[in-house]
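# Survey of secondary and tertiary structure
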Amino acid sequence: MLDTHDTNDAVIKISSLCKWFGQFKVLTDVDLEVRKGERVVICGPSGSGKSTLIRCINRLEEHQSGHIWVNGLEMTDNIKNIEAIRRNIGMVFQSFNLFPHLTVLENLTLGPTLVRQMKKKDADALAMQFLEKVCIPEQAHKYPLQLSGGQQQRVAIARSLCMEPEIMLFDEPTSALDPEMIKEVLDTMIELADSGMTMIVVTHEMGFARTVANNVVLMADGQIVETGPPESFFGNPQHERTRTFLDQILKH
Amino acid sequence: MASPSLANPAPFDPDARMPAVEWMKRNLFKNAFQSVLTIIVSFAIMSLAWLLFRWGVLDAVFVTNDPQVCREAAGACWAVIGVKHRPMLFGLYPYEEHWRLVLMIVVYLATVVISLWPRFWNLRILVPLWIASVTAITVLMFGGVFGLRYVPSNDWGGLPLTIILFTGTVLIGMPVAVLLALGRRSPLPFARGISVIFIECLRGVPLITILFVAVNVFPLFLPQGMEVNKLLRITVGIAIFFACYQAEVIRGGLQAVPRGQYEAAASINLSYWQTTRRIILPQAMRIALPSITNHIVAAMKNTSFVIIIGLFDILTATSAVMQDPLWRRYYIEAYLFIAFIYLFFGYALSRYARQVEKWINIGRI
Ligand SMILES: Nc1ncnc2c1ncn2[C@@H]1O[C@H](COP(=O)(O)OP(=O)(O)OP(=O)(O)O)[C@@H](O)[C@H]1O
Ligand SMILES: [Mg+2]
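Residues numbered from 1 in each chain as written. Chains lettered and ligands numbered in written order. Predicted model: local features only at pLDDT ≥ 70, side-chain atom pairs only at ≥ 80, totals over all residues. Heavy atoms only, no water.

### As for the overall build of chain B
A tally of helices and strands in chain B yields 14 helices and 1 strand. In terms of overall dimensions, chain B has a C-alpha envelope of 75 × 70 × 40 Å along the principal axes. A total of 365 residues make up chain B; the buried ones form 42% of that total. Relative to all contacts within chain B whose residues are 6 or more apart in sequence, the contacts with residues 24 or more apart total 68%. Only carbon and sulfur atoms are counted for the fraction: they give 70% of the accessible area of chain B, which is about 20,200 Å². Measuring between centres, the 30 positive side-chain charges of chain B sit 10 Å from its 17 negative side-chain charges. (Helix = DSSP H or I, 4+ residues; strand = E, 2+ residues; numbered from the N terminus. Buried < 20%, exposed > 50% of the residue type's maximum accessible area, 1.4 Å probe, protein only. Contact = heavy atoms within 4.5 Å. Areas by Shrake-Rupley, 256 points an atom, 1.4 Å probe, with all protein chains shown as cover. Lys, Arg positive; Asp, Glu negative; His and termini not counted. Charge placed at Lys NZ, Arg CZ, Asp CG, Glu CD.)

Right under this line is the structure:
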């Protein structure tokens, strides 16, 4: 049996997480808790370690000290743990990372058939269901590069959802998109939030943070500077660093 | 990155659809110097073409059994092909059994044509197909069953031998190449070490050395009384050499697959082999396809090395046949014939590779 750890009601618990890239310390003593159904938005200047932090949660990056628990299961070198944790986590990337040699439908059914051992027919039905949810069922038989950026990102979201994860991680899902496509992706994410999905979203879309987040986190230089619900985070930031960051970003 | 779907638009070509006269004015007679050059060069080309035409067609002898007729003619002696084509194409294989080789070539070509068709790209079709055709070819070549006379592999030669060596090289070499390329990028230090040593050592020596080892040194390590067919040994030797070069080409393709592909695969929990087989290799092979084809065409020509075990592939068989004092003077015609056969297969191969690239671009495969 895998080790479990009582993390109260947090589905993700991160404590004193540190990570180095060689000599360079990217994350310093990061603590974070995310409860079931909670939406956390992480923002902060470029290079502050936001991507690295969420990539540690599903082990796309390895941390050197500190702990990460997902549903009470600690992320360790143990491949069983890693797989068990990844099963609960979907991830959406800034650059979509769709498989260009597979059709949209094949992109979606690959995980369900190979990992969840679903029958092709069931996987197809599941995939179509999620494509409808992200409003592009008619694109099922196209290849990813035949779609617009916004459509590709929605396919990527659907691909993650096909694994029926409990938690979704988003790493700047809209920053590679043209302005007119940002909204369609954000709308999809809002819908997902409304359905009760636990989400960690790295983004600079402050409108999204204001309306959707339960908690907004500011990272700077590998540390969490400020955490709080959107009202106080935007209305009454406690730290100078937060104020300067918000000034910069809201000016644009 | 080679994207399968968006057809790459052809580069804009201002010469396309231009009337011929306009095109010539622009490209051949732009100024006085260019015009003079054009005239001189076209005169040279035309006289050369005329000479070749006179030699190859007007003054040529096409059919005769008598070398004297050729001697008296001023042009080419294509008749030599008619007289000598059987030993050239089939080497030392017993004369009355040549029909078996013709049948073998037919079986082979049919198998290849079916296999190159994307519609049949399904292991449940291809594996039985190849097992059946390799069995049929083995039976045809060796005989010894069904009342067929036994012909040892030492007597094989010519085109069938070239085909067997070439196909064996690719069928054995490609999987080895893929494994070596993967091994070289493997997270396991052991797999990586083995692959690096293997590739670097074998790439560093000439093919002829590897063949020498396969033929003369390798048997010393076998237990007494055990013997591995010489032809098989040399095929494996050529295949391994081929694999080392091909592995580096495939590695180039692997390196060109963006890191995000691995991450996306990891995020949906695919295992290493699932990721490799379904995500990474298909993309890497598409990217590396032009260079892969290049090495395959080159492999076709390496088959001539079997001469070192006394076997005669199509090229060396022809050299041997052309020792005949009566016909010796017409070696140019004979070699042109062989060159044409090489060209046929080589050209077919590169055309096919072009077609595959096209299919990739329109997302059909
Ligand atoms: N694979 C890596 N090797 C070495 N350094 C890295 C690597 N990945 C990231 N870094 C460094 O770690 C720091 C944090 O990177 P990270 O991508 O987490 O920042 P970020 O907050 O996501 O920035 P952005 O807003 O630009 O995406 C940066 O200084 C970056 O240069
Ligand atoms: Mg980032």
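### Here's the deal with the packing of aromatic side chains
The full count for this structure, using the stated rule, is 12 aromatic pairs over all chains. Plain terms: the ring middles of Trp117 of chain B and Phe120 of chain B are 5.6 Å apart, the flat faces sit at 80 degrees to each other, and that makes the pair edge-to-face. Residue classification places Trp117 of chain B among the partly exposed residues on the basis of a relative accessible area of 42%. Through a chain of ring-to-ring contacts, three or more aromatic side chains come together here, namely Phe142, Tyr150 and Trp156 of chain B. The ring of Phe234 of chain A has Arg210 of chain A lying over it, and the distance from NZ or CZ to the ring centre is 4.5 Å. (Phe/Tyr/Trp six-rings, centres within 6.5 Å; stacked < 30°, edge-to-face > 60°. Lys NZ or Arg CZ within 6 Å of the ring centre and 35° of its normal.)

### Examining the pairing of strand E3 (residues 39-43) of chain A
Each regular strand displays side chains that alternate between the two surfaces of the sheet. All names here are of chain A. By the criterion of burial, E3 is predominantly enclosed, with 5 of the 5 residues buried. Burial along E3 is two-sided: Arg39, Val41 and Cys43 and Val40 and Ile42, pointing in opposite directions, are all buried. Where E3 meets strand E8 (residues 198-202), 4 bridges bridge the pair, whose relative direction is parallel. Bridge pairing links Val40 to Ile200 in E8. (Pairing = 2+ DSSP bridges.)

### Let's talk about the sheet that holds E3 of chain A
All names here are of chain A. With mixed pairing, the 6 strands of this open sheet are ordered in space as E6-E7-E8-E3-E9-E10. Two strands in the sheet have a free side with no partner beyond their single neighbour: strand E6 (89-92) and strand E10 (223-228). With strand direction ignored, the average angle separating the axes of adjacent strands in the sheet is 15 degrees. Across the sheet, helix H9 (residues 240-251) is in contact with E3, strand E9 (215-220) and E10; its angle to E9 comes to roughly 95 degrees. (Axes fitted to C-alpha atoms, helices over the stretch in contact; angles between N-to-C directions.)

### Looking at helix H2 (residues 32-58) of chain B
Helical geometry note: an α-helix holds 3.6 residues per turn, so side chains three or four residues apart project in the same direction. For H2 of chain B, built from 27 residues, the straight-helix expectation of 39 Å at 1.5 Å per residue is met to within 8% by its first-to-last C-alpha distance of 37 Å. Among all positions of H2 of chain B, only Ser35, Thr38 and Gly56 of chain B are buried. (Expected span 1.5 Å × (residues − 1).)

### Topic: the site of ligand 1
All names here are of chain A. As a matter of local geometry, ligand 1 sits amid Phe21, Phe24, Val26, Pro45, Ser46, Gly47, Ser48, Gly49, Lys50, Ser51, Thr52 and Glu172. Taking Lys50, its side chain carries an N or O atom lying 2.7 Å from an oxygen atom of ligand 1. Coverage of ligand 1 by the protein amounts to 63% of the 630 Å² it exposes when considered alone. Of all the secondary structure elements, the ones that give two or more residues to the shell around ligand 1 are strand E2 (24-35) and helix H1 (50-57). Per-element accounting of the shell around ligand 1 gives the leading share, 3 residues, to H1. (Near = heavy atom within 4 Å. Polar contact = N/O pair within 3.5 Å; in protein donor to acceptor, adjacent residues only side chain to side chain.)

### A closer look at the UniProt feature "transmembrane region" (unreviewed entry) in chain B
Residue and element names in this part refer to chain B. With numbering matched to this structure, UniProt assigns "transmembrane region" (unreviewed entry) to residues 32-53, 98-117, 129-151, 163-182, 194-219, 231-250, 305-323 and 329-349. From the first C-alpha to the last, residues 32-53 spans 31 Å; its make-up is 100% helix and 0% strand. With 90% helix and 0% strand, residues 329-349 has its two end C-alpha atoms placed 32 Å apart. (UniProt positions renumbered as here; feature names shortened; annotations may be inferred.)

### Description of the interface of chain B and chain A
Contacts between chain B and chain A engage 23 residues on the former and 25 residues on the latter. Counting each side, the surface lost to burial between chain B and chain A is near 2,200 Å², with a carbon and sulfur contribution of 62%. The largest per-residue losses of area from chain B upon contact with chain A belong to Ser267, Ile268 and Asn269 of chain B, which jointly make up 28% of the total buried on that side. Inspection of the region where chain B meets chain A yields 2 salt bridges. Where Glu61 of chain A meets Arg259 of chain B, a salt bridge forms, and the shortest distance between an N and an O atom there is 3.7 Å. (Buried area = accessible area lost by both parts, 1.4 Å probe. Salt bridge = Lys/Arg side-chain N within 4 Å of Asp/Glu carboxyl O.)

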